[in-house]
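Residues per chain, in single letters:
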Amino acid sequence: VDDQDMKLIRATEEALNAGIKAMKVGGHVGDIGAAITKVAHRNKLQIAEDLSGHGVGYSVHEEPFVPNIAKEDEGPELREGLVIAIEPMFSLGSRDIKRLSDGYTFVTRDKSLSAHFEHTVAMTKAGAEILSVSTDTVYVHKAWHDVSPAIKKIQFPMVADPTGALCKEFGTYI
């Protein structure tokens with residue numbers, strides 16, 4: 001992993017943490033997206049379009065829509081008891097994405113390197129409470145060169161996932 005790749009990974013994780021930190025009872029969903037947007041712009045990274053966080057409840061993808069590109073004080077109010085998934089997704093190249101035929105994998109249209117971090121977070125009186133367990137893991141999808149992508153599970157030590165099985169098992173990762 002070169003310096004540029006690590007910058008992408010670290011900035012995407014920083015954006016997740018910034019989004020969580022922006023959660024306050026009485027605040028707005030836009031506060032989360034604004035915090036994520038600031039990290040992307042400061043690091044000169046693209047935010048994957050058409051993918052976002054979402055509410056979590058009786059089903060996995062519920063309202064509210066939690067955009068990664070937003071303005072402070074906009075969108076639904078953050079109320080105690082709300083559970084959402086915050087999912088910043090950054091790219092070194094294009095912000096345009098497409099879903100592959102496997103139905104799980106998204107790639108940038110220019111096949112540039114991208115990264116995704118996610119937590120499920122509850123809004124409590126005391127602030128944001130992370131409900132998902134962190135494994136300090138990010139799935140990074142390298143650009144396609146031949147027929148299949150090289151999906152790598154980046155952690156220390158680095159573990160490769162050339163088949164994409166982890167991606168399919170644990171959800172959609174860019």
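Being a predicted model, the structure only gives us computed values, none of them experimental.

## Focus: the pairing of strand β10 (residues 127–130)
Across four bridges, strand β9 (residues 119–124) lies against β10 in antiparallel orientation. Residue pairing across strands places V121 opposite I130, the latter belonging to β10.

## Digging into the nonpolar core
Counting 25 residues, the largest nonpolar core has M23, I32, I86 and F90 as its most contacted members. Where this core is concerned, the elements lending two or more residues are α1 (3–21), α2 (29–42), β4 (83–86) and β9. Residues within four places of I86 in sequence aside, it is in contact with L16, G19, I20, M23, I32, I36, F117, E118, H119 and V121. A48, L51, I97 and F106 belong to the second-largest nonpolar core, a separate cluster that totals five residues.

## Section: the sheet that holds β9
Taken in spatial order, the five strands line up as β3-β2-β4-β9-β10 in an open sheet, and their pairing is antiparallel. Two strands close off the open sheet at either side, each with one partner strand: β3 (62–66) and β10. For this sheet, the mean inter-axis angle between neighbouring strands, taken without regard to orientation, is 30°. Where α2 meets the sheet, its contacts fall on β3 and β4, and the angle it forms with β3 comes to roughly 40°.

## Describing the pairing of β4
Bridge count for strand β2 (residues 53–55) against β4 is two bridges, and the pairing is antiparallel. Note on β4: the bridge partner recorded for H54 is A85. Where β4 lies against β9, four bridges are found, and the strand directions are antiparallel. Bridge assignment links A85 to a residue of β9, and that residue is T120.

## Things to note about α1
Compared with the 27 Å implied by 1.5 Å per residue over 19 residues, the 26 Å span of α1 between its first and last C-alpha is a close match. The complete set of buried residues in α1 reads D5, M6, L8, I9, A11, T12, A15, L16, G19 and I20.

## Considerations on unusual backbone geometry
Cis geometry marks the peptide bond from E63 to P64, where omega comes out at 5°. Residue placement: P64 occurs in strand β3. Despite not being glycine, K111 shows a phi value in the positive range, around 60°. Examined against the element boundaries, K111 turns out to sit in the loop between β7 (106–108) and β8 (114–116).

## Digging into the pattern of salt bridges
Within this structure, the stated rule accounts for four salt bridges. Its salt-bridge partner being R42, residue E14 comes within 2.1 Å of it at the nearest N-O pair. Here E14, found in helix α1, pairs with R42, found in helix α2; they are 28 residues apart in sequence, far enough to count as distant. Across the pair E77 and R79 runs a salt bridge whose closest N-O atoms are separated by 3.9 Å. Taking the relative accessible area as the measure of exposure, E77 reaches 40% and is therefore partly exposed. Note on R79: relative accessible area 54%, which makes it exposed.

Basis of the calculations
Residues numbered from 1 in each chain as written. Predicted model: local features only at pLDDT ≥ 70, side-chain atom pairs only at ≥ 80, totals over all residues. Heavy atoms only, no water. Pairing = 2+ DSSP bridges. Helix = DSSP H or I, 4+ residues; strand = E, 2+ residues; numbered from the N terminus. Core = buried A, V, L, I, M, F, W, Y, C linked by side-chain atoms within 4.5 Å. Buried < 20%, exposed > 50% of the residue type's maximum accessible area, 1.4 Å probe, protein only. Contact = heavy atoms within 4.5 Å. Axes fitted to C-alpha atoms, helices over the stretch in contact; angles between N-to-C directions. Expected span 1.5 Å × (residues − 1). Salt bridge = Lys/Arg side-chain N within 4 Å of Asp/Glu carboxyl O.

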